[in-house]
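Structural overview
Residues per chain, in single letters:
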Amino acid sequence: MVASCCLWKRLCVKFPYEELPRGTTAASSPQEDKLCRLPARTQTSRPLGMPFVVPPSLQSRNWVPLHSREWAQVPQGPCQAPEFLPHTTGSNLGNTCTVGTINPELYKFPEDKSETDLPEGCRGRLWFSVEYQQEAERLLVGLIKAQWLQGPSETCCPLVKLHLLPDERRFRQSKTKRKTANPQFDEHFIFQVSSKSISQMVLRFSVYHVDRQRKHQLLGQVLFPLKNEILAGDCPHIIWRDLEAESLEPPSEFGDLQFCLSYNDCLSRLTVVVLRAKGLRLLEDRTFVSVFVKVSLMNHNKFVKCKRTSAVLGSANPVYSETFNFRIEPTELDTASLCLTVLQSTEGDKSQQVGRVVVGPYMYARGRDLEHWTEMLSKPKELVKCWHALCHATES
């Protein structure tokens, strides 16, 4: 064994590796010459003393320069794959990003304005989720949180009651949160509702403050109509709404109607949002009575166009939240008016008028009806909301 090691060391000393001169080339066979020969256009970024052998499968391809001292190959097929195309880092690519870099614009989340844009006089904001399971006929309501509640004192103790209108008797109630104007609820409630009547119902959230005597003081409420397009889908819809103050005025003789008006002079567009009604005088048997609102645009007391809301079944306090647009030129505002008529209908019978209200300039309206129209013109592109007392056609 020792003799073998000594023999190996002598051979290593006797035949050391020698570096070939740079200007000389060793004789080789034709096959080796084909392997070692580089194309005339080929350049490498490696040191000049380091040999590089191009595989035979790549010798027939053309070489395209990328940038300083780097080269890439382009396939000879008619359709070039993206990974083989030359990647240039110059300005000819415009605003595209260099391969291997991160574009921060792709990772930005859309800005959530639900916690920043707070209108003046806001009583607070409520977040909730709604999901309807068609097969089980169950309405799943998630009470998420509330913010900026305007309590009577700094130590606000809020709770929320949930009603499924028109049923005023049964309700669900959340737990009371102590000493916070920004409560986090994270509670879930279940209502058993048939698929036929779900679109006729309205979900009401009433936010209360509980004082030391455990009396409930209303801070505001949210009315959310359960429309079919909102409940579509298999996942819950997260929604937020601003709290509204409950109207303390008693209903008028024939009931009251709340709606918004807005006029966009640039588009010559008049927008009417029918929100809800209360205290309507309906027929004694309300089981098959449906209530809807007809919105008519008049000009010089001549009918121009008419639109109507969906019908709500058997409720003296229906909620609609439906928007209608009318085209009217600015020069016609002094002669135009709107007539909103509340109608009730039963199966097989004609519609009967519950009451109506007319808003417009001084030629057609007085009092609150005139003030609503004037405020709309003074605040272009803003929704102006107001309650109106209904009256019969003979009294208007």
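Worth saying up front: this structure is predicted, and the values here are computed from it rather than measured. (Residues numbered from 1 in each chain as written. Predicted model: local features only at pLDDT ≥ 70, side-chain atom pairs only at ≥ 80, totals over all residues. Heavy atoms only, no water.)

1. Comments concerning the overall build of the protein
- When helices and strands are counted, the protein shows four helices and 19 strands.
- The buried share of the protein, taken over its 396 residues, is 37%.
- Restricting the contact set of the protein to residue pairs at least 6 apart, pairs at least 24 apart contribute 59%.
- Roughly 25900 Å² of accessible area belongs to the protein as shown, and the carbon and sulfur atoms make up 53% of that amount. (Helix = DSSP H or I, 4+ residues; strand = E, 2+ residues; numbered from the N terminus. Buried < 20%, exposed > 50% of the residue type's maximum accessible area, 1.4 Å probe, protein only. Contact = heavy atoms within 4.5 Å. Areas by Shrake-Rupley, 256 points an atom, 1.4 Å probe, with all protein chains shown as cover.)

2. A short note on the sheet that holds strand S4 (residues 138–147)
- Read from one edge of the open sheet, four strands run S7-S4-S3-S10, paired in antiparallel fashion. The sheet is open, and its two borders are formed by strand S7 (184–192) and strand S10 (237–242), each paired with just one other strand. When strand polarity is set aside, the average angle formed by the axes of neighbouring strands in this sheet is 25 degrees.
- Alignment of strand S3 (residues 125–133) against S10, held across six bridges, turns out to be antiparallel. Looking at the pairing, Arg 125 lines up with Asp 242 of S10. (Pairing = 2+ DSSP bridges. Axes fitted to C-alpha atoms, helices over the stretch in contact; angles between N-to-C directions.)

3. Details of the layout of surface pockets
- In this structure, the largest pocket occupies an estimated 1000 Å³ of space.
- Lining the largest pocket we find 32 residues, and of these Glu 244, Cys 260, Leu 275, Leu 383 and Lys 385 sit closest to its centre.
- Looking at the lining of the largest pocket, the elements with two or more residues in it are strand S9 (216–225), S10, strand S11 (256–264), strand S12 (269–278), strand S16 (319–327) and strand S19 (384–389).
- Per element, the largest residue contribution to the lining of the largest pocket is five residues, and it comes from S9. (1 Å grid on protein atoms, 1.4 Å probe; cavity = no way out; pocket = protein on both sides within 12 Å on 5 of 7 lines; lining within 4 Å. Points joined across faces, edges and corners; volume = space filled by probe spheres on them.)

4. Overview of the pattern of salt bridges
- Following the criterion strictly, the structure yields six salt bridges and no others.
- Here Asp 242 makes a salt bridge to Arg 125, at a shortest N to O gap of 2.5 Å. Here the residue Asp 242 occupies a position in strand S10, and Arg 125 occupies one in strand S3, the gap between them amounting to 117 residues.
- On the basis of relative accessibility, which here comes to 24%, the residue Asp 242 falls in the partly exposed class. (Salt bridge = Lys/Arg side-chain N within 4 Å of Asp/Glu carboxyl O.)

5. Brief notes about the sheet that holds strand S6 (residues 171–173)
- If you trace the four strands from one edge of the open sheet to the other, you get S6-S5-S8-S9, paired in antiparallel fashion. Each of the sheet's edge strands pairs with one partner strand only, and the pair in question is S6 and S9. In this sheet, neighbouring strand axes are inclined to one another by 20 degrees on average, regardless of whether the strands run parallel or antiparallel.
- Where strand S8 (residues 202–210) and S9 come together, nine bridges link them in antiparallel fashion. Residue pairing across strands places Tyr 208 opposite Leu 218, the latter belonging to S9.

6. Quick look at the packing of aromatic side chains
- Applying the stated rule across the entire model yields three aromatic pairs.
- With a centroid separation of 5.4 Å and an interplanar angle of 75 degrees, the aromatic rings of Phe 128 and Phe 224 are classed as edge-to-face. Taken together, the residues span a long stretch of sequence, with Phe 128 in strand S3 and Phe 224 in strand S9 at a distance of 96 residues.
- We classify Phe 128 as buried; its relative accessible area is 0%.
- Ring pairing ties together the aromatic residues Phe 128, Phe 205 and Phe 224, which thus form one cluster.
- A cation over an aromatic ring shows up here: Lys 307 above the ring of Phe 326, its NZ or CZ 5.1 Å from the ring centre.
- The ring of Tyr 362 has Arg 366 sitting right over it, with the charged end atom 3.7 Å from the ring centre. (Phe/Tyr/Trp six-rings, centres within 6.5 Å; stacked < 30°, edge-to-face > 60°. Lys NZ or Arg CZ within 6 Å of the ring centre and 35° of its normal.)

7. Thoughts on the pairing of S9
- In terms of residue burial, S9 counts as a mostly covered element, since seven of its ten residues are buried.
- Between S8 and S9, which pair antiparallel in sequence order, lie five residues; one of them, Arg 214, sits at a positive phi of approximately 65 degrees.

8. A closer look at the confidence of the model for the protein
- Averaged over every residue, the pLDDT of the protein is 76; residues scoring 70 or more account for 65%.
- Predicted confidence in the protein is weakest over helix H2 (residues 30–36), with a mean pLDDT of 47, and strongest over S11, with 93.
- Low pLDDT, under 50, characterises residues 23–29; the stretch is placed with one contact to residues that sit more than four places away or in other chains.
- Within the model, pLDDT remains below 50 along residues 81–94, and this stretch shows 13 contacts once partners closer than five positions in the same chain are excluded. (pLDDT = per-residue confidence, 0-100.)

9. Section: the side chain of Ser 262
- When you line up the elements, Ser 262 lands in strand S11.
- Looking at Ser 262, the relative accessible area reads 8%, which means it is buried.
- Looking at Ser 262, its side chain comes within polar contact range of the main-chain oxygen of Glu 382, at 3.3 Å.
- Filtering out sequence-adjacent residues up to four positions away, Ser 262 remains in contact with Arg 269, Leu 270, Thr 271, Met 376, Lys 381, Glu 382 and Leu 383. (Polar contact = N/O pair within 3.5 Å; in protein donor to acceptor, adjacent residues only side chain to side chain.)

10. Considering the nonpolar core
- Among the nonpolar cores identified, the biggest contains 33 residues, and Leu 257, Leu 270, Val 274, Val 295, Leu 338 and Leu 340 are the most heavily contacted of them.
- Elements that contribute at least two residues to this core include exactly S11, S12, strand S13 (290–299), S16, strand S17 (336–345), strand S18 (352–359) and helix H4 (367–378).
- Leu 270 has contacts with Ser 262, Tyr 263, Leu 297, Phe 324, Asn 325, Phe 326, Ile 328, Leu 338, Trp 373 and Met 376, leaving out every residue within four places of it along the chain.
- Ranked by size, the runner-up nonpolar core spans 28 residues in total, among them Val 130, Leu 164, Phe 185 and Leu 243. (Core = buried A, V, L, I, M, F, W, Y, C linked by side-chain atoms within 4.5 Å.)

11. Focus: the environment of Gly 255
- Mapped onto the elements of the fold, Gly 255 is located in the loop between S10 and S11.
- Taking the relative accessible area as the measure of exposure, Gly 255 reaches 0% and is therefore buried.
- On a C-alpha basis, the gap between Gly 255 and His 388 in space is 8.8 Å, while along the polypeptide they are 133 residues apart.
- Apart from residues no more than four positions distant in its own chain, Gly 255 is found in contact with Lys 278, Gly 279, Leu 280, His 388, Ala 389 and Leu 390.

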